[in-house]
Amino acid sequence: MEGHELARTLEGGVEAHRVLLAALGSLTDEQARSASLLPGWSVGHVLTHLARNADSHVRLFSAAERGEVVTQYEGGAAGRAADIEAGAQRSASELVHDVRASAERLEAAWASASPACWAGSGITPLGTASISDLPMRRWREAVVHHTDLGLGYGIDAWPTHYVRTDLVLLTMQWASRRPMGLTELPAEALAASPGHRLAWLFGRLDLPGLAPANIFG
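The shown structure was predicted, so the numbers you read here are calculated from the model rather than taken from an experiment.

Enquirer: Any chance you could break down the layout of surface pockets for me, citing the residues and the numbers?
Expert: Estimates place the volume of the largest pocket at around 720 Å³. As for the largest pocket, its lining consists of 27 residues, and the residues nearest its centre are Arg-80, Leu-126, Glu-141, His-145 and Phe-216. For the lining of the largest pocket, the secondary-structure elements that each account for two or more residues are α3 (43–65), α7 (134–148) and α10 (194–202). Top element by residues in the lining of the largest pocket is α7. It accounts for six residues. Taken together, the residues of the lining of the largest pocket sort by class into 13 nonpolar, nine polar and five charged. There is about 240 Å³ of room inside the second largest pocket. Forming the boundary of the second largest pocket are ten residues, of which Asp-133, Arg-137, Arg-140, Leu-169 and Gln-173 lie nearest the centre. Take the lining of the second largest pocket: its biggest share by element is four residues, from helix α8 (residues 160–176). Residue classes in the lining of the second largest pocket are distributed as six nonpolar, one polar and three charged.

Calculation criteria
Residues numbered from 1 in each chain as written. Predicted model: local features only at pLDDT ≥ 70, side-chain atom pairs only at ≥ 80, totals over all residues. Heavy atoms only, no water. 1 Å grid on protein atoms, 1.4 Å probe; cavity = no way out; pocket = protein on both sides within 12 Å on 5 of 7 lines; lining within 4 Å. Points joined across faces, edges and corners; volume = space filled by probe spheres on them. Helix = DSSP H or I, 4+ residues; strand = E, 2+ residues; numbered from the N terminus. Nonpolar A, V, L, I, M, F, W, Y, C, P; charged D, E, K, R; others polar.

This is the structure:
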């Protein structure tokens, strides 16, 4: 990712953290125990995932500063799942504090990263990724999982620049899984608003006449 676009992405990630934390200011224990929009996950699960995701990015940045390449989550997928399950039942105040503190740690890692760190890479669940691509992934996590909480932050509230940027990335990812010559999004998707098109690509929204995009599954 080029310097100017990286700077805008970092700004977007910080703002997404701010918007998320502002929305969590009145979170109750009852809400934390309630079901999120993700099957099988409570609001507490989503918030714990957001916190551990931030820490996993700090882990990748710290390793890159040392010139090392490590896996994003210690213990892999099993370790990630265990950490989320272990933290999901905490009180609302504990959950919010964890989200805030982990976001601050990540933003500090962004701010202090050296050129050598930005040029490094890490091993994510989706494969090896450039460190410079991670802020976009975190911006995505903060925006989309804010909606997944089911607390009133809808798709139409997604930032315009985020939608524009990630729509390009996920459209390319969708096209890469299609046969040559059939890489244009379906007409039904192109007729939807950019945010709704992106949400369909994510599997967060059904569009009439279309099967799920299944990018991540």
